[in-house]
Amino acid sequence: MQVYLDNNATTMCDPKVVEAMLPYFSEQYGNPNSLHKFGSSTHPALMNAINQTYKALNASDNDDIVFTSCATESNNWVLQSVWVDHVLNGDKNHIVTTEVEHPSVLSTCKFLEEQGVKVTYLPVNEEGVVEAHTVKSFITDKTALVSVMWASNETGMINPIKEIGEICKEKGVLFHTDGVQAVGKIPVDLQDVHVDFLSFSAHKFHGPKGIGGLYIKDSQPLSPLMHGGDQMGGRRSGTLNVPYIIGMGKALELATENIEEKMASIRAKRDRLEDAILELSDTFTVGNRDNRTPNTILVSIKGVEGEGMLWDLNNGEIGASTGSACASEDLEANSVMLAIGADNELAHTGIRLSLSRFTTDAEIDYVISHFKKAVERLRGISSSFAKQAPTKGGEVQECELHHHH
Amino acid sequence: MAKADMLGESLWDAYSNKVTTLMNNPQHQGEIFEADAESRGNKLIVADFGAESCGDAVRLYWEIDPATDKIVDSKFKSFGCGTAIASSDVMTELCIGKTVQEAVKITNIDVEMALRDDPETPAVPPQKMHCSVMAYDVIKKAAGLYLGVDAESFEEEIIVCECARVSLNTLKEVIKLNDLKSVEEITDYTKAGGFCKSCIKPGGHEAMDYYLVDILADTRKEMDEEKMKAAADAQAMGGAKFEEMTLVQQIKAVDAIIDENVRQFLIMDGGDMEIIDIKKADPYIDIYIRYLGACSGCASSATGTLYAIESTLKEKLSDKIRVLPI
């Protein structure tokens, strides 16, 4: 049996989404900006996708939802416009964000710091959550933007977006949220929260890769990142990616209809898996599960290094993810794990399991059984579980874990 | 960056079959207990290196025949990734049958070579090489415990890049001999910094005592000082070429020639001159001067006097000199 539990990285494209997209590759391939009917014949399907998107996010008709290539582009767009819109005008030069954002936010902030933007990287509490009062205390009259992710890709923990939005509104500061791990997983109602910009990406909710969006509240000005033929009202130029926009609309509709029901089903499977893992000795999971996206578990298994666990799971045809430094290219300990600050060891033992609505009970049973075997084997090798106490020289090596910020 | 690098390779795809096999089924993982070793008349050494919070920890067991110092059995326990487990397993294998004094000569390079499927293809991708270093460190620790000496005493040189085992002395020598100016050049010449990259600059996976960026800067500084000293020595011996002197030395040399051959005539006419700057303008060396007193504005200052100054300096110092009054 093959089980895919890395849905926070990407998801399977729903066959219904693929079906909706197919005619627009080779049958109705016209450029929607062309005057002839080859182009205009795509308009109804595009309009339908736009309606599906607005409905799924409960966006107002006065708001803009611009289609981008991915959430990385959306995040870059919002952040980089601070430099163009504010720093060059000399009125504001400060961004407030967090230590645990996705690299598309953190790397852009680092780039902007080189351009003269000042950035505050807020810490998170032991559950990995950014507290609203912390955000409030760092906003100054020079703050142009607050950017806080809605939910964490690593831990699944959900930030108090509503409270932060209210604070930003009250202080007159623009508020951006990277909603990549929230949209399609938990209810996102843009009439209920005050958010000026929200980034999202289709491949996180069973849509295709290479298409995302940026919600822009009530015609907020935003300098374009891409200049060209004035598509999307000049907000983002470039020929519209017709089949992918249609795919994203369909994917959003499928993900958000009866979302509470879908969440309950995923949560039940997630909790069953989590409970079974926690039955193993010396394991713990990060964050209160009531305040987590219902599909995510970040588990630490004492004595089992993350890559080793990933290796054994992969041998059992189970795909997961690890925050372990050893499994990544840059070898640095995972900054999100370190920011949680609970235990350095977690940065090396953390395994992230992320389910989807396609995950079945049989798959969960299989993972539980294989997970236990993998832990048993790796603890058999583990020095942490050696019975023989060292005779001499058992002192622990000093090491330094490097924070990104 | 090129086509081959456009899509990063999966780390696991770069593992040798031996690494994969040993990760799945290590041959020497386990423990040896003191009572068992004693019952066979042998001595047990248990050495730990690393820590879970650092991401790598290994415990090495040696059962040693005290009559011969030979390691008759060895096992390990490891907290680490696939490379760390496979490296520990091969390291343990390499120790068995050797004396402690022989075992201490096993390096992480030997371990990595033993993990290769063929001699030409590395067993692990560059960024995983550091995972094999632990195996080497724990051997030194075990040998130190057995022989009652500090593990550091086995290291004859200061090792800067542990992955490639390149010493501080080697790095300094290579920089000087080949006039290396960048860390990339150092990596090309020595392989240092080509693996886990921790030794390049602070902020990598592990904190190091020495970094290539500092070694390069310090050695380049030493080289410049040596060059200046050599030029000064040569000048003192009267053998320095004007072109090779430092700016300060050139100014001093020009001043000395002016004092000796020119200034007295200018002063006699109520004037003087000073050197403003000296600049390389290949193939020339331009000496900028300013006339003072009566010389300033004198008709001859741009013709005869200038010619006299320039020809004197050309004759005494270098025919590449041009004198430019400003």
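Predicted model, so just to flag it, every value in this text is computed and none were measured.

1. With respect to the overall build of chain B
Helix and strand counts for chain B come out as twelve helices and eight strands. Its C-alpha atoms give chain B a radius of gyration of 32 Å, more than 25% over the compact-globule value 20 Å for 326 residues. Dimensions of chain B along its principal axes, counting C-alpha atoms only, are 105 × 50 × 35 Å. Counting every position in chain B, which comprises 326 residues, the buried fraction comes to 47%. Counting only contacts in chain B whose residues sit at least 6 apart along the sequence, the fraction spanning at least 24 positions is 57%. Carbon together with sulfur atoms contributes 52% to the accessible area of chain B, which is approximately 16200 Å² in total. Each charge class in chain B was averaged separately, 35 positive and 57 negative side chains, and the resulting centres sit 3 Å apart.

2. Some words on the overall build of chain A
Tallying secondary structure elements over chain A gives 14 helices and 13 strands in all. Dimensions along the principal axes, computed over C-alpha positions, put chain A at roughly 80 × 50 × 35 Å. Burial analysis of chain A (405 residues in total) assigns 57% to the buried set. Intrachain contacts of chain A at a sequence separation of at least 6 include 71% that bridge at least 24 residues. Accessible surface, chain A: about 16100 Å² in total, of which carbon and sulfur atoms supply 50%.

3. Structural notes on the sheet that holds strand S8 (residues 321-325) of chain B
All names here are of chain B. Spatially, S6-S7-S8 is the arrangement adopted by the three strands of the open sheet, whose pairing is mixed. A single partner strand is all that each edge strand has here, and the edge strands are strand S6 (271-281) and S8. On average, adjacent strands in this sheet sit at an angle of 25° to one another, irrespective of strand direction. Bridge analysis of S6 against strand S7 (residues 284-293) gives ten bridges, and the strand direction is antiparallel. Bridge pairing links Ala281 to Tyr284 in S7. Along the sheet face, helix H10 (residues 247-261) touches S6 and S7 and points at about 145° away from the line of S6.

4. Some details on the side chain of Ser300 of chain A
Residues and elements named next belong to chain A. Structurally, Ser300 is set in strand S10 (residues 296-301). Since its relative accessible area comes to 4%, Ser300 is described here as buried. Of note is the side chain of Ser300, whose polar atom sits 2.8 Å from the side chain of Thr349.

5. Notes on the pattern of salt bridges
For the structure shown, the criterion picks out 33 salt bridges over all chains. A salt bridge links Lys110 of chain A to Glu113 of chain A; the shortest N-O distance between them is 3.7 Å. Of this pair, Lys110 of chain A and Glu113 of chain A both sit in helix H6 (residues 103-114), separated by three residues, roughly a single helical turn. Taking relative accessible area as the criterion, Glu113 of chain A reaches 33% and is therefore assigned partly exposed. Across the pair Lys77 of chain B and Glu31 of chain B runs a salt bridge whose closest N-O atoms are separated by 3.7 Å.

6. Looking at the confidence of the model for chain A
Residues of chain A with pLDDT of at least 70 account for 90%, and the chain-wide mean is 91. Segment residues 398-405 of chain A is flagged for pLDDT under 50; beyond a separation of four residues in sequence, or across chains, it makes 25 contacts in the model.

7. Side note on unusual backbone geometry
Residues Asp282 of chain B and Pro283 of chain B are joined by a peptide bond in cis, for which omega reads 5°. Its identity as a non-glycine residue notwithstanding, Asn58 of chain A has a phi of 50°, on the positive side. Even without being glycine, Asp69 of chain B reaches a positive phi, approximately 65°. Summarising the element assignment, Asp69 of chain B is placed in the loop between strand S2 (56-65) and strand S3 (70-79).

8. Comments concerning the packing of helix H7 (residues 168-178) of chain B against helix H8 (residues 183-190) of chain B
All names here are of chain B. For the pair H7 and H8, the least separation of the axes is 11 Å and the interaxial angle reads 105°. One finds that H7 runs roughly perpendicular with respect to H8. Taking contact as the criterion, the partners of Leu171, Val174, Ile175 and Asn178 in H7 are, on H8, Ile186, Tyr189 and Thr190. Taken together, the residues that form the contact of H7 with H8 break down as five nonpolar, two polar and no charged.

9. Quick notes on helix H3 (residues 82-95) of chain B
Residues and elements named next belong to chain B. Compared with an ideal rise of 1.5 Å per residue, which puts 14 residues at 20 Å, H3 spans 20 Å between its outermost C-alpha atoms and is within 8% of the ideal. Of all 14 residues making up H3, twelve are buried, and the element is well covered by its neighbours. Buried within H3 we find Gly82, Thr83, Ala84, Ile85, Ala86, Ser87, Ser88, Asp89, Val90, Met91, Thr92 and Cys95. Looking at the residues trailing H3, positive phi occurs at Gly97, about 95°.

10. Here's the deal with the sheet that holds strand S1 (residues 43-51) of chain B
Residue and element names in this part refer to chain B. One open sheet holds the three strands; their spatial order is S1-S2-S3, and the pairing between them is antiparallel. Because the sheet does not close on itself, it has two edges, and the strands there are S1 and S3. Across the sheet, the mean angle separating the axes of adjacent strands is 15° when strand polarity is ignored. Helix-sheet contacts for helix H6 (residues 130-147) involve S1 and S2, and the interaxial angle to S1 is about 140°.

11. Remarks on the packing of helix H5 (residues 71-87) of chain A against H6 of chain A
Helix packing geometry: the angle between the two helix axes and the distance between the axes. All names here are of chain A. It is at 9 Å that the axes of H5 and H6 come closest, and there the two elements cross at 25°. Classified by the angle between their axes, H5 and H6 sit roughly parallel to one another. When you trace H5 past H6, the crossing you get is right-handed. Here Thr72, Asn75, Asn76, Leu79, Gln80 and Trp83 of H5 lie close against H6, whose contacting residues are Ser104, Val105, Thr108, Cys109, Phe111 and Leu112. In terms of residue class, the contact of H5 with H6 is built from six nonpolar, six polar and no charged.

12. As for the environment of Thr121 of chain B
All names here are of chain B. Of note, Thr121 is situated in the loop between helix H5 (108-114) and H6. Judged by relative accessible area, Thr121 falls into the partly exposed class, the value being 41%. It is 9.9 Å that separates the C-alpha atoms of Thr121 and Tyr15, two residues lying 106 residues apart in sequence. Only 2.9 Å separates the side chain of Thr121 from the side chain of Asp118, close enough to count as a polar contact.

13. Here's the deal with the packing of aromatic side chains
Under the counting rule described, the total for this entry stands at three aromatic pairs over all chains. Between Phe25 of chain A and Tyr244 of chain A, the ring centres sit 6.1 Å apart and the planes meet at 80°, which makes this aromatic pair edge-to-face. In this pair, Phe25 of chain A is assigned in helix H2 (residues 23-26) and Tyr244 of chain A in helix H9 (residues 242-256), connecting sequence segments 219 residues apart. Each member of the aromatic cluster is reached from another via a ring pair, and the members are Trp311 of chain A together with Trp12 and Tyr15 of chain B.

14. Thoughts on the environment of Gly319 of chain A
All names here are of chain A. Note on placement: Gly319 falls in strand S11 (residues 318-319). Residues Gly319 and Asn58, 261 residues apart in the sequence, show an inter-C-alpha distance of 34 Å. With residues near it in sequence (within four places) discarded, Gly319 still touches Val3, Tyr4, Leu5 and Asp6.

15. Quick word on the side chain of Thr190 of chain B
Residue and element names in this part refer to chain B. Positionally, Thr190 belongs in helix H8. Overall, the relative accessible area of 14% leaves Thr190 in the buried class. Of note is the side chain of Thr190, whose polar atom sits 2.7 Å from the backbone oxygen of Ile186. The contact partners of Thr190, leaving out residues within four places of it in the chain, are Val166, Leu171 and Val174.

Here is what the cut-offs are and how they apply
The numbers attached to residues start from 1 for each chain and follow its sequence in the written order. Following the order in which they are written, the chains are lettered starting with A and the ligands numbered starting with 1. Residues qualify for local features only when their pLDDT is at least 70, as the model is predicted, and side-chain atom pairs are given and counted only at 80 or more; totals for whole chains, interfaces and linings, by contrast, use all residues. Side-chain calculation: all heavy atoms of the structure are included, whereas hydrogens and water are not. Counting from the N terminus, the helices are the DSSP runs of H or I reaching at least four residues and the strands are the DSSP runs of E reaching at least two. The reference for a compact globule is 2.2 Å times residues^0.38; the radius of gyration itself is calculated from the C-alpha atoms. Throughout this description, buried means an accessible area under 20% of the type-specific maximum (1.4 Å probe, protein chains only), exposed means over 50%, and partly exposed covers the range between. Any two residues having at least one pair of non-hydrogen atoms within 4.5 Å are treated as being in contact. Where accessible areas are quoted, they stem from the Shrake-Rupley method and a 1.4 Å probe; at the residue level, only the protein chains shown are allowed to cover. Within this scheme the basic residues Lys and Arg register as positive and the acidic residues Asp and Glu register as negative, but His and the chain ends are omitted. The atoms used to mark charge sites are NZ of Lys, CZ of Arg, CG of Asp and CD of Glu. When DSSP finds two or more bridges between a pair of strands, those strands are recorded as paired. Every axis corresponds to a line fitted to the C-alpha atoms, with the helix fit spanning only the stretch in contact, and the corresponding angles, defined between N-to-C directions, vary from 0 to 180 degrees. Polar contact is defined as a pair of N or O atoms within 3.5 Å, subject to the rule that within protein one atom must be able to donate a hydrogen and the other to accept it, and that residues adjacent in sequence are counted only when both atoms are side-chain atoms. The term salt bridge refers to a pairing of a side-chain nitrogen on Lys or Arg with a carboxyl oxygen on Asp or Glu at a separation within 4 Å. For every residue, the predictor reports its confidence as pLDDT, a number between 0 and 100. Should an angle fall under 35 degrees it is called roughly parallel, over 145 degrees roughly antiparallel, and 65 to 115 degrees roughly perpendicular, with every other angle called oblique. Asp, Glu, Lys and Arg are counted as charged, while Ala, Val, Leu, Ile, Met, Phe, Trp, Tyr, Cys and Pro are counted as nonpolar; the rest, among them Gly, fall into the polar class. The span expected for a helix works out to 1.5 Å for each residue beyond the first. The sense of a crossing depends on the near helix, which, turned anticlockwise from the far helix by less than a right angle, makes the crossing left-handed and, turned clockwise, makes it right-handed. Here a pair means two rings of Phe, Tyr or Trp (six-membered ring of Trp) with centres within 6.5 Å. Their orientation is stacked below 30 degrees between planes, edge-to-face above 60, and tilted elsewhere.

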